[in-house]
Structures are given as C-alpha cells and as structure tokens.
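Single-letter residue listing:
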Amino acid sequence: MDLAFTPEELAFRDEVRTWVKANLPTELSHKVHNAMRLTRDDMQTWAKILGKKGWLGYGWPKQFGGPGWTAVQKHLFEEECALAGAPRVVPFGPVMVAPVIMAFGNAEQQKRFLPGIASGEVWWSQGYSEPGSGSDLASLKTRAERVGDKYIVNGQKTWTTLGQYGEWIFCLVRTSTEGKPQTGISFLLIDMKSPGITVRPIKLLDGECEVNEVWFDNVEVPAENLIGEENKGWNYAKHLLAHERTNIADVNRAKRELERLKRIAKTEGVYDDLRFRDEIAKLEVDIVALEMLVLRVLSAEKSGKNSLDIAGLLKIKGSEIQQRYTELMMQAAGPFALPFIFEAMEAGWQGNFPGGTLANAPLAANYFNMRKTTIYGGSNEVQRNIVAQTVLG
Amino acid sequence: MDFDFSDDQEQLRDAVRKWVDKGYDFDRRRAIVAAGGFDRAVYGEMAELGLTGLYVSEEHGGMGMGPTEAMVAMEELGRGIVLEPLTQTLITSATLQTHAPAALQAAWLPRIAAGEAIVVLAQQERGARYQLGRCAAQATESNGAWSVSGTKSVVSVGDQADAFVVPATVNGQIALFLVERSASGVSTQAYITQDGSRAAEVVLKQAPAQLITLNGLSALEEAVDIGIACTCAEAVGVMDKTMAITVDYMNTRKQFGVAIASFQALRHRVADMKMQLELGRSMSYYASLKLHAPADERRRALARAKYQLGVSMRFIGQQAVQLHGGIAVTDEYIVSHYFKKLTQLDMSFGDTLHQLGEVSARMQETAGVFA
C-alpha cells in the first residue's frame, strides 16, 4: 500500500506538464478556465497540436502509432491537460471509434481511418441513440439493407453531439430483425457527405446547439465500411463501453472546477458564509473520495490483482459531481447568474454584463447543460441496475 | 501508487478473520454484552494474535507494524462487531511510543503489547464535545510530582482499564498525562453504551500522574487521528458485513411470491449502498495512508475521511434496516446490532457535522488526494 506515485510516474507527469505548458495556447486555456464558448476551431486547434505530438490517441497502443502508455500514465496525462485548462479531447474519434477499428476492423480499414483520427484531421461523430431508443439502445430501428456491394441506410439518429461538425459517423444499424434485438445490429462507418444525410442541430435549454438529429434517406454506404461481421455490432459497441473506464468519472476536470467554484464564491462574497462554505466542503470530500476510487481502479489495472468492476459507480458519482459544481457556481452568483446574454459567453466580448462580473455570464448555462450527464452514456438509473446486478445477482 | 496488500498483510487479515469467525460468534458477543460489555479473556485472545502489540516496537515486545496493518486488523474486527476496544490500544501505544519519556515507555509498552495492561484515552469532557482544544481538567506540579483533577466522559472500558492517557491543562496549555486507575483520587462510574460495549465516567481528584508530554494538544490531535483511522477501517468492516447480510436476506426473503431482491425500488437502494461502501473504503485507505503526513495535511485528510465514513455509515445502516423490514428492528436479529455499531462509530472521534466543519475550515484553493 502506497499513496505516492512512483518516481518514474512523477517524472512522466513532469514531462507532460512541461509540454502542455509550452504547447497549450493561452487563449484556449483562458476560455476553458472561464467556461467560455469553444468553437470548432478551438477544439481542432488543440486536437491537431496533440496529434502532431502523437498524443491525441493517448490511449492507443504502440502498434497503431499510439504512445503505449499505462493506465496510470493515461490518467496523469488527462490530469495535466485538465488542470492546465486544455479543451477536452472530443472523444468520438480517438477514444470511441478508434479502439473498435483496432480490435475488430480489418487491416485495410485500420490503414484508411486511423491516421486521420490520430492527427485530428477528421471529425467523427457517434450515431447510436434514436428517438425511440434511449436507455433501451438495442431496440434501434435505423435499417441497413445489403444490396450488392453496398448498404442502403434509412432511419434517424439523434442526440448526435457536435454532429454539425462531423465528417464521418460510426453508427449502430439494424441488419436483421430475427432473434434478440441485440443480435441483429451491425457497426457501420458512414461518410457524412454522402447524399441523403441531413443534419439538423437541436437547440438546447442553455441556448446552444450541442447535439443534432441525423437523418438517413436511402444513403448508400460501401459494404467495405462494415466493421467486423454483420449482426455482431452490439458486441463491438460493448467493447467500446468497456474501454471507457476511469475517464468517464472526469475527476480531474472536477478538481479544476472546484478551484473555479472557490474563486467565484470568494468574488461573490459567499465563501465565508458557513452555510455556503459547508456545501463546498461536502463537494470537496466527494471529489477526493472519487479520486481515491479512480486511483484504486488504476492500481488494480496496474497489478492485475483485485480487479474492480465499478465503472457504474464511477459514472454515477462523476456525473453527480459535475452537476453539483455547476449548481453551486450558479448559486454562488445568485441573482447575478440570471441575466441571459448569449454573446457574453464569447471570449473578447466588450459589452457591459449586468451581473457585475463576466465570470457570472455562463454559470446558469453551465448548470442547465450539465443536466445531461446523468442521462447520457447509460442513464444513472441504468447504471444502478448494473451495479445492483453485480451485488445482488 | 499501489493499493494491493502484501502477503504478510493478507496473512494478518486471514488470522484475524479466522479468530472472529470461530472465536467471536454472535452468541458469545451477546453473552459479553449481558455481562457488562467487556471480556478480559477476549482481550487476551486478541493479544495472542499479536494485535495489542501491533504498533509497539519489537524492542518493547510488539510487532512494530504500521497503519496499513492496523487498518487490516480493524476491518476484520469490524466485520465481527467486536466489543473489546483495540482502537484504544492502538491509540495509546502509539502515543506513548511517540511522545512519552523512555522510562514510561519501558514501564508500559511491553505490558500493553502482551495484553497485560489496558491503557485507554480519556479525553472527552462534557463542555468540549468533539473540540480537542477545550479542556477543563487541570494538572499541577509539586516537588517534581504531577497530579490531575477533572472529569472525563464516555471513556472506553473506563472501569476496566489499567491506566488512562489524560489531557489536562498546565498554565493554560494542554499537556498529556498517564494516570493509573488504581491511583488515589480516581473513581469511575461504568455503563453500557448503545453498541453494547463498556464505558465509564472517570473522575480524577488530585490523582497522581506521570507526564507524557507538555506539547499535549498536537499529541492529542495525533492520537485522535489514529482513532479516526481505526474507526474508519472498523466501519468498513461493519458496513461490508452489513451489506453481505442484507444481500443474503434479500435473495431469501419472499413477498408477493418472489424474492424481494427482484424489486427495482430495492435494487437501486442496494446500488446506492454499494456506492457508499466503496467511497467509504476508499477514504479509509486514504485515512491510513495519510496518518504519517505532516500535521496540517494529516488533519485535513483525516477530517475528510471521517466525514465520508460518517455519511456512509449512516446511509448503509439505515438502508439495511429498511431493506430487511420489521425483523431488523428486533434485538434478536443481528442487523440491529450492526446498525447500532455504525451509529456509535459515527459519533466517536467527531461526528459527521463536526468533521464537515473541520473540512470546511481547512479548505485551500486546490483540493485532491495529493493536495
């Protein structure tokens, strides 16, 4: 038992810290530290800087051009990026579809798709949810019919995050209606420039268009874009979910946002109000406990002993914490969180914000936005079902 | 960063678990509660396992082990809701070893390690609640001999212990003393506490005392932090077993023709209990691994840990009772005793609200496991 990282791990962290400090543009970290709106270019800029260093696919093994880091090294990298105020890596390409292509794609597909993901050149989106298939994802209905050497895709995906920027989309599609719903699903890569695809942004409660509907009307997809075997897509998607472990908890970002919460509380004069301060203290303990939980999972991965099957707990606690810090930030500003001036969330806005300080401008929007975290990625109620299954059988 | 236990630590765990399973069943515990809440023979068995000398150096006849071993032992004792207070022994042996003059160490540590002497911390006072800096007991020196006057409350096995570690003020500053129970001017009034263990009010009137250290407040904080780490570990054992009993019951008990474990409303409670158990276990590790950190860092960490464990214990205890239904509020059924143990552990060494205040007062700009 030892809480400290090894000297090698600490040296690695210092190397990453130095590099991030030298390469993260300050206009980006300024926006992240103040929760200002990030453009597509902002996210691409950071992705390409990481890509050039070979770190965009920071979870990738060496054989596919990744750094081949250990679970602890990946965690330390995420921590350094988060604390420095780097934009989050948009996960759909490097974190979500790439591992599936590596594990189940053929050599041709790997050669064709992985370089564009690793460099940050190609923007990927995720096509899973449908209007009728949320938590019950396996009931999805978007059909792909095999006609010669093509699939003809018809149907609708929704909640496609940042799909308005997407160049490619990986989709779960129905290729069979026989047997259990899970056994008729295939994993298809689709060029979003294909004729018949329509992307419609959905305006959300915070005023942003973070997600989209994606319509498929007789879209032709070359059969060579099928990953693995037809009707095995559900297994590949599950592999992807299993790949998501500790970073779903996002504890490193939570540590950064706790610091921001304290700054806001001081500015707004509630940091020394014990009633408010105790709420911050509770959140602080929550974050430390979550970090310990994450470290336990990393330690178990490192040693291979005592495997900890608690991804569900990490998702539940991590998402609750994300909601809580945005809620407390908004409450700290109180009435000054209420003025809704969309442009005030842009960096460089020169107007006069009625809430006293510009730092208050995005607080309510952030709070509204974070309600998604307990819904997406398997709602927290679904997660509780999974946790209960491991405990009760 | 490594949370695996060594082979030696696993062996210690196995040894304690075996003793609890075979030597400390519910019937024996029930008989001990009926007889007053403490059994010196049981304490002797714990000494044979080496537990009473866990923190005592080999030079003084102990095992010279550290916080992780203490944590392992306390978890296992928690699993069996053992009444005999190893936490007290770990606190006082560490305190004497770190702060007492050599002669005092030589006089007491070998006997503590052997289980021949029980020394407990007598720090609580009516006017102080959990505040360690408030102390009405006073010490005076006359011709090189110290004596202490004051009243200490809810002292674990107060009428059975051989000596007390007592905070008392000297010129307004807290110092720590060792007072023997057999000394003149010492009287005790013993009772059973809510978890079935034994405690006493200890009244000291000009009782002869030996000085441990004049730098008493920091030594007392250190002592209580050891108590917190032990309590966190013990709580993990109690919660772990409470959950196991509850899960077993839910898979056996039938209502509406099916096992109650099939009801989603109940399953989600179990998922939330599992969350509290794992957060609690994580923070118990954190507590033990921070025990040797610099005082400020240690205090902050131990307050965070005890707060989390307080929340976890309250939740798991209450849910276990609710999930069982009526059977859990009977004295006959074992879960009510686990519930009472959890309740008492929360209220020992600073309860949830007290610890929240500590965390709140000690917050810095940055926070995390390493901050």
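Residues numbered from 1 in each chain as written. Chains lettered and ligands numbered in written order. Predicted model: local features only at pLDDT ≥ 70, side-chain atom pairs only at ≥ 80, totals over all residues.

### Let's talk about the overall build of chain A
So, step 1. The secondary structure content of chain A amounts to twelve helices and eight strands.
So, step 2. Relative to the globule expectation of 21 Å for 393 residues, the C-alpha radius of gyration of chain A, 22 Å, shows essentially globular dimensions.
So, step 3. With the C-alpha coordinates aligned to their principal axes, the bounding extent of chain A is approximately 70 × 50 × 45 Å.
So, step 4. Looking at chain A as a whole, 44% of its 393 residues qualify as buried.
So, step 5. Of the contacts formed within chain A by residues at least 6 apart in sequence, a portion of 71% connects residues at least 24 apart. (Helix = DSSP H or I, 4+ residues; strand = E, 2+ residues; numbered from the N terminus. Rg over C-alpha atoms; globule rule 2.2 N^0.38 Å. Buried ≥ 20, exposed ≤ 12 C-beta atoms within 10 Å, placed from the backbone. Contact = placed C-beta atoms within 7 Å.)

### What about the overall build of chain B?
So, step 1. Of regular secondary structure, chain B possesses eleven helices and nine strands.
So, step 2. Expected size for 371 residues packed as a compact globule is a radius of gyration near 21 Å; at 21 Å, chain B falls within 12% of this value.
So, step 3. Taken along its principal axes, the extent of the C-alpha atoms in chain B is 80 × 50 × 40 Å.
So, step 4. The contacts in chain B between residues at least 6 apart in sequence include a share of 74% that link residues at least 24 apart.

### Considerations on the nonpolar core
Residue and element names in this part refer to chain B.
So, step 1. Membership of the largest hydrophobic core comes to 225 residues, with the highest contact counts inside it found for Phe177 and Val179.
So, step 2. The element that contributes the greatest number of residues to this core is helix H7 (residues 216-252), accounting for 18 residues.
So, step 3. If sequence neighbours within four positions are ignored, Phe177 has contacts with Ala139, Trp146, Val148, Val166, Ala168, Ala209, Gln210, Leu211 and Ile212. (Core = buried A, V, L, I, M, F, W, Y, C linked by C-beta atoms within 7 Å.)

### Notes on the domain arrangement of chain B
Interface size is commonly expressed as the accessible surface area that is lost when the partners come together.
All names here are of chain B.
So, step 1. Assigned domains of chain B: these are domain 1 (7-114), domain 2 (119-214) and domain 3 (219-361).
So, step 2. One C-alpha centre belongs to domain 2, the other to domain 3, and the line joining them spans 29 Å.
So, step 3. Taken together, the contact between domain 2 and domain 3 spans twelve residues of the former and 13 residues of the latter.
So, step 4. The residue inventory of the side of domain 2 that touches domain 3, partitioned by class, reads six nonpolar, five polar and one charged. (Domains from an automatic or database assignment. Nonpolar A, V, L, I, M, F, W, Y, C, P; charged D, E, K, R; others polar.)

### With respect to the pairing of strand S7 (residues 198-213) of chain B
Residue and element names in this part refer to chain B.
So, step 1. Two strands pair when backbone bridges link them, and strand S3 (residues 145-156) and S7 are joined in this way by eight bridges, in the antiparallel orientation. Looking at the pairing, Val148 lines up with Ala207 of S7.
So, step 2. Pairing of strand S5 (residues 173-180) with S7 involves three bridges; the strand directions are antiparallel. Residue pairing across strands places Leu178 opposite Gln210, the latter belonging to S7.
So, step 3. Note: strand S6 (residues 186-192) against S7, seven bridges, orientation antiparallel. If you follow Ile192 over to S7, its bridge partner there is Arg198.
So, step 4. With antiparallel pairing between neighbouring strands as the criterion, S6 and S7 make up a hairpin whose turn holds five residues, including Gly196 at a positive phi of roughly 95°. (Pairing = 2+ DSSP bridges.)

### Section: the environment of A:Glu224
So, step 1. Its place among the elements puts A:Glu224 in the loop between strand S7 (211-222) and strand S8 (226-227).
So, step 2. When the C-alpha positions of A:Glu224 and A:Ala281 are compared, they lie 54 Å apart, and in sequence the two are 57 residues distant.

### Things to note about the packing of helix H4 (residues 71-84) of chain A against helix H8 (residues 251-267) of chain A
All names here are of chain A.
So, step 1. Interaxial distance between H4 and H8 falls to 8 Å at its minimum, and their mutual angle equals 25°. Of the possible angle classes, the one that applies to H4 and H8 is roughly parallel. As for how H4 packs across H8, the hand of that crossing is right-handed. Where H4 approaches H8, its residues Glu78, Glu79, Ala82 and Leu83 are matched on the opposing element by Asn252, Arg253, Lys255 and Arg256.
So, step 2. Of the residues belonging to the contact of H4 with H8, the class tally is two nonpolar, one polar and five charged. (Axes fitted to C-alpha atoms, helices over the stretch in contact; angles between N-to-C directions. Parallel < 35°, antiparallel > 145°, perpendicular 65-115°, else oblique. Left-handed = near helix turned anticlockwise from the far one by under 90°.)

### A look at the interface of chain B and chain A
So, step 1. Contacts between the two partners involve 35 residues from chain B and, on the opposite side, 42 residues from chain A.
So, step 2. Of all elements in the fold, only H7, helix H8 (264-289), helix H9 (295-324) and helix H11 (352-361) of chain B reach the threshold of two or more residues within the side of chain B that touches chain A.
So, step 3. Sorting elements by how many residues they give to the side of chain B that touches chain A places H8(B) first, with 13 residues.
So, step 4. Here the side of chain B that touches chain A is composed, by residue class, of 20 nonpolar, eight polar and seven charged.

### A look at the environment of A:Gly184
Residue and element names in this part refer to chain A.
So, step 1. Positionally, Gly184 belongs in the loop between strand S4 (168-174) and strand S5 (185-191).
So, step 2. Classification of Gly184 by C-beta neighbours within 10 Å gives partly exposed; the count is 19.
So, step 3. Taking the C-alpha atoms as reference points, Gly184 and Ala138, separated by 46 residues in sequence, lie 9.0 Å from one another.
So, step 4. Sequence-distant contacts of Gly184, defined by excluding residues within four places in its chain, comprise Arg174, Thr175, Ser176, Thr177, Glu178, Gly179 and Asn231.

### Overview of the domain arrangement of chain A
Residues and elements named next belong to chain A.
So, step 1. Domains assigned within chain A are domain 1 (7-89), domain 2 (124-230) and domain 3 (245-392).
So, step 2. Taken over C-alpha atoms, the centre of domain 2 sits 30 Å from the centre of domain 3.
So, step 3. Each partner contributes residues to the interface: domain 2 has four residues there, and domain 3 has six residues.
So, step 4. Taken together, the residues that form the side of domain 2 that touches domain 3 break down as one nonpolar, two polar and one charged.

### Focus on the environment of B:Asp159
Residue and element names in this part refer to chain B.
So, step 1. Position of Asp159 among the secondary structure elements: in the loop between S3 and strand S4 (163-170).
So, step 2. The class for Asp159 is partly exposed, based on 18 C-beta atoms found within 10 Å.
So, step 3. As a C-alpha pair, Asp159 and Phe339 span 180 residues in sequence and 26 Å in three-dimensional space.
So, step 4. Each residue touching Asp159, except ones within four places of it in the same chain, is listed here: Thr188, Ala190 and Ala200.

### Regarding helix H3 (residues 40-53) of chain A
Residues and elements named next belong to chain A.
So, step 1. For H3, spanning 14 residues, the distance from its first C-alpha to its last is 20 Å, which sits close to the expected 20 Å at 1.5 Å a residue.
So, step 2. Taken residue by residue, H3 has Trp46, Ala47, Leu50 and Gly51 as its buried positions. Each buried residue of H3 lies within a common arc of 140° when the element is viewed along its axis, so the set occupies one face. Away from the buried face of H3 by more than 90 degrees, exposed residues Asp41 and Lys52 are located.
So, step 3. Residues of H3 that are buried in the fold lie against helix H2 (26-33) and helix H6 (107-119).
So, step 4. Looking one or two places after H3, you find Gly54, whose phi comes out positive at around 85°. (Expected span 1.5 Å × (residues − 1). Arc of directions from axis to C-beta.)

### So, the pairing of S4(B)
Residue and element names in this part refer to chain B.
So, step 1. Most of S4 is tucked away, with six of its eight residues classed as buried.
So, step 2. In this structure, S4 lies alongside S5, joined through eight bridges in antiparallel fashion. Paired with Ala163 across the two strands is Glu180, which belongs to S5.
So, step 3. Hairpin geometry of S4 and S5 is characterised by an intervening segment of two residues between the two adjacent antiparallel strands and by a positive phi of about 50° at Asn171.

### Details of the packing of helix H10 (residues 311-333) of chain A against helix H12 (residues 380-392) of chain A
Residue and element names in this part refer to chain A.
So, step 1. Following both chains from N to C, one finds H10 and H12 inclined at 150°, their axes separated by 9 Å at the closest point. Judged on the interaxial angle alone, H12 and H10 are roughly antiparallel. Where H10 crosses over H12, the handedness of that crossing is left-handed. Contacts from Gly312, Leu313, Lys315, Ile316 and Ser319 in H10 reach Asn380, Gln383, Ile386 and Val387 in H12.
So, step 2. Taken together, the residues of the contact of H10 with H12 break down into four nonpolar, four polar and one charged.

### What about unusual backbone geometry?
All names here are of chain B.
So, step 1. Phi is positive for Val157, which is not a glycine, with a value near 35°.
So, step 2. We note that Asn171 has phi near 50°; this positive angle belongs to a residue other than glycine.
So, step 3. By the secondary structure assignment, Asn171 is in the loop between S4 and S5.
So, step 4. The exposure class assigned to Asn171 is exposed, which follows from the 9 C-beta atoms found within 10 Å.

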